[in-house]
Amino acid sequence: MSVRWFDACVRLGRTCARPHYEMEGSVENILAALDRFSIAEALVYHASGDETHPSVGNRLLLEETAGQPRLHPCVTLLPPATEEFPPPDQYLPELLQQGVRAVRMSPGSHAYSFTAGTCGELFEVLAEIHMPLFIDIGTFADWTTIDDVAADFPQLRLVLTSFSYGHTRKAYPVLRRREHIYLEIHTYELHNGLEHFIPRFGVGKLLFGSGMPVFTPASTMTMLACASISPADKQMIARDNLVGLLEGCNQHAAT
Amino acid sequence: MPPLDFSKVTAAVADLASVKSYLDDILVIDCHAHIGPHSRYFVPEDDIDHIIAAMDSIGVDRVGINALAALEGDYESGNDVTAEAIRRYPDRVIGHCCVNPNYPDAVAAETIRCFEQLGCKMLKFHGGWHQIEPGHANYRPAIEYCAARKIPLLTHLPDYIKSLPGYVAVAREYPDMPFIIAHATCPTAIDEIIEHCAHVENIFFDTTGYPKYYSSIERIVNGGGEDRVLFGSDIAWLNLAHEIGPIVFADLSDTAKEKILGFNFNKIMQEITI
């Protein structure tokens, strides 16, 4: 069985306080690492989108991924009230036209409320076009707010990156209630965690990610390779679930 | 042994043949693991049977282990859980003796009970939970017992940066006793650990918990030497495969990987004179 990997969590660009040991997130370095670990494609965001400003980071992201068919841009958004971006019903279709199939938000580092009151206009458009919204649950560890947003916008595809073994007690009840929450697993290094999760919530909620350049793909790839789950389930986590999310958005773009 | 081809990890997603076949050919010992539940996280299947099953599925031969209860206040019943695992899997389980320095009157007696009645072969301090520095007098009866027998001490330091000078001083007092730093590849501590400990030959470095950081294995090997790095996993909290993958696929020689995965720790174990 030949399996293809699609990494759902890679960061391009330079962080301000880069640890000296960390691989620099240049396109060249990331592509070399993808080659080293036989990862076909990656969804990438840009460090400057978190640190400098999303508008700067998005410009760099789209420039750096242009002409790189293995790297798919995940654009960073802000809520509409401060008008730092065009209105969502205008801006998101523009992103679709540019080939963007996923977006992310960083409510913690960008200092806004991740609520219907602040972001509802944005959530409505994202839900309508089935564009997945990525949130780093490792830094935004507010499962109550995630639960509320998922309840208010049941068609919104929420992808929680950096899902951790430490989140399980908060996550399980939310996952039982909400259909469109998905989890990226590079920090879900729980003993028999996949084996426990899949019978309860389904394999369709899990996405492989590496967390590069901070983390090595070797951890999560080996965990997935050695898990006591079916080869078909491994393939879904390794690539197919993410492709399904992005294609949902593609179908809307085609219409 | 043929070098491991990185492209095989792709094939390994279909089954674990390539990883397991590599590990089956070498001695693999996990020096840092735990049995049983703990309050902080939900862990499915945390008993010794499931830990042994996970080891078998990947190709890990032996495990150094303690019950998490033994690191808390109820350390005596925790050590009994460890002893039961030793009794059930004597060829696979290397028991950690855990003492709690906050109950100093019991440290010496519990140390003797662990090594002379329960069959333990390692000493474990968790200064982070005990909130006591490894050089504290309350730990000394256990250290002196183990130093006389070359029993290794695995230590989770309460604060890696502040604790290191005191830890190094204790290690220098007992140069024939192996001192193993738990979680030595932690990104916020690895530089200080290398700086303070690389020149102290009886200090070893456990990979547990942080090999996932890019190039952390290569970094601790370059800083501490391939003869002093030991594989640890934190199973049943953490996932054995997640912890071992970065070593198997590290940019190191096969010889270095074999040393880290089992040879180095086996050499320590062979020196014990209980």
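Here goes a summary of the coordinates provided. Because the structure is a prediction, the values reported are computed rather than measured. For every chain, the first residue of the written sequence is number 1, and numbering continues from 1 onward in sequence order. Here every chain gets a letter starting at A, and every ligand a number starting at 1, in the order they are written. Only residues with pLDDT of at least 70 are given local features in this predicted model, and only at 80 or more are side-chain atom pairs given and counted; all residues enter the totals for whole chains, interfaces and linings.

### What about the overall build of chain B?
In step 1: Helix numbers and strand numbers start at the N terminus; a helix is a DSSP run of H or I with at least 4 residues, a strand a run of E with at least 2. Helix and strand counts for chain B stand at twelve helices and eight strands.
In step 2: The globule rule used here is 2.2 Å times the number of residues to the 0.38 power, and the radius of gyration it is set against is calculated over C-alpha atoms. In terms of C-alpha radius of gyration, chain B reaches 18 Å, essentially the compact-globule figure of 19 Å for 274 residues.
In step 3: Whether a residue is buried, exposed or partly exposed is read from the other C-beta atoms within 10 Å of its own C-beta, which are placed from the backbone; 20 or more gives buried, 12 or fewer gives exposed, and intermediate counts give partly exposed. Looking at the 274 residues of chain B, the share that counts as buried comes to 54%.
In step 4: We call two residues in contact whenever the C-beta atoms placed from their backbones are within 7 Å. Contacts in chain B between residues at least 24 apart in sequence constitute 77% of all its contacts with a sequence separation of at least 6.

### Things to note about the pairing of strand S6 (residues 158-161) of chain A
Residue and element names in this part refer to chain A.
In step 1: Across the two faces of S6 the burial is the same, with Leu158 and Leu160 and Val159 and Thr161 all buried.
In step 2: We treat two strands as partners when DSSP finds at least two bridges between them. Pairing analysis gives four bridges linking strand S5 (residues 133-136) to S6, with the strands arranged parallel. Of the residues in S6, the one forming a bridge with aspartate 136 is threonine 161.
In step 3: Where the polypeptide runs from S5 across helix H7 (residues 143-152) and back to S6, its parallel neighbour, the crossover connection is right-handed.
In step 4: In the sheet, S6 pairs with strand S7 (residues 181-184) via three bridges, with the strands oriented parallel. Bridge pairing in S7 places leucine 160 opposite leucine 183. Handedness rule for crossovers: strands pointing away from the viewer, path from the first strand over the helix to the second running clockwise, crossover right-handed.

### Observations concerning the interface of chain B and chain A
In step 1: Opposite the 39 residues of chain B that make contact, chain A presents 37 residues.
In step 2: Among the secondary structure elements, those contributing two or more residues to the side of chain B that touches chain A are helix H1 (8-12), helix H3 (48-58) and helix H11 (240-248) of chain B.
In step 3: No other element matches the seven residues that H11 of chain B contributes to the side of chain B that touches chain A.
In step 4: Under this grouping Gly is polar, as are all residues other than the nonpolar Ala, Val, Leu, Ile, Met, Phe, Trp, Tyr, Cys and Pro and the charged Asp, Glu, Lys and Arg. Here the side of chain B that touches chain A is composed, by residue class, of 27 nonpolar, eight polar and four charged.

### Considering H7 of chain A
Residues and elements named next belong to chain A.
In step 1: If you check which residues of H7 are buried, you get Ile146, Val149 and Ala150. Along H7, the residues classed as buried sweep out an arc of 100° about the axis, all on the same side. Opposite its buried face, H7 presents the exposed residues Thr144 and Ala151, each directed more than 90 degrees away.
In step 2: Residues of H7 that are buried sit in contact with helix H6 (116-129), S6, helix H8 (168-177) and S7. To be clear, the arc concerns the directions from the helix axis to the C-beta atoms.

### Here's the deal with the packing of helix H4 (residues 88-97) of chain A against H6 of chain A
All names here are of chain A.
In step 1: Only the contacting stretch of a helix is used when fitting its axis, a line to C-alpha atoms as for every element, and angles between N-to-C directions run 0 to 180 degrees. Look at H4 against H6: their axes get within 9 Å of each other, and the N-to-C directions meet at 40°. Taken together, H4 and H6 sit at an angle that is classed as oblique. Crossing handedness for the pair H4 and H6: right-handed. Contacts between H4 and H6 involve Pro88, Asp89, Leu92 and Leu96 from the former and Glu121, Leu122, Val125, Leu126 and Ile129 from the latter.
In step 2: For the contact of H4 with H6, the class distribution of residues is seven nonpolar, no polar and two charged. Oblique is the label for any angle not covered by the other classes, which are roughly parallel (under 35 degrees), roughly antiparallel (over 145) and roughly perpendicular (65 to 115). Here is the rule for handedness: rotate from the far helix to the near one, and if that takes an anticlockwise turn smaller than a right angle the crossing is left-handed, while a clockwise turn gives right-handed.

### Examining the sheet that holds strand S1 (residues 6-12) of chain A
Residue and element names in this part refer to chain A.
In step 1: Spatially, S1-S2-S3-S4-S5-S6-S7-S8 is the arrangement adopted by the eight strands of the open sheet, whose pairing is parallel. Each edge of the open sheet carries a strand with a single partner, namely S1 and strand S8 (206-207).
In step 2: As paired strands, S7 and S8 are joined by two bridges and run parallel to one another. Within S8, the residue paired with glutamate 184 across the bridge is leucine 207.
In step 3: Each of S1, strand S2 (41-46) and strand S3 (71-76) is contacted by helix H3 (residues 54-65), which is oriented at about 170° to S3, the strand it contacts most.

### Section: helix H1 (residues 27-36) of chain A
Residue and element names in this part refer to chain A.
In step 1: Buried within H1 we find Ile30, Ala33 and Leu34. One side of H1 carries all its buried residues, which in axial view fall inside an arc of 100°. Residues Glu28 and Ala32 are exposed on H1 and point more than 90 degrees away from its buried face.
In step 2: A positive backbone phi angle near 55° is found at serine 38, which sits one or two residues after H1.

### As for the sheet that holds strand S8 (residues 229-230) of chain B
In step 1: Taken in spatial order, the eight strands line up as S1-S2-S3-S4-S5-S6-S7-S8 (chain B) in an open sheet, and their pairing is parallel. Bordering the open sheet on either side are strand S1 (29-35) and S8 of chain B, each of which pairs with just one other strand.

### Things to note about unusual backbone geometry
In step 1: Cis rather than trans, the peptide bond between methionine 212 of chain A and proline 213 of chain A has omega equal to 5°.
In step 2: A cis geometry characterises the amide bond from isoleucine 235 of chain B onward to alanine 236 of chain B, with omega recorded as 10°.
In step 3: Residue position: alanine 236 of chain B is located in the loop between S8 and H11.
In step 4: For serine 38 of chain A, which is not glycine, the phi torsion reads 55° and is therefore positive.

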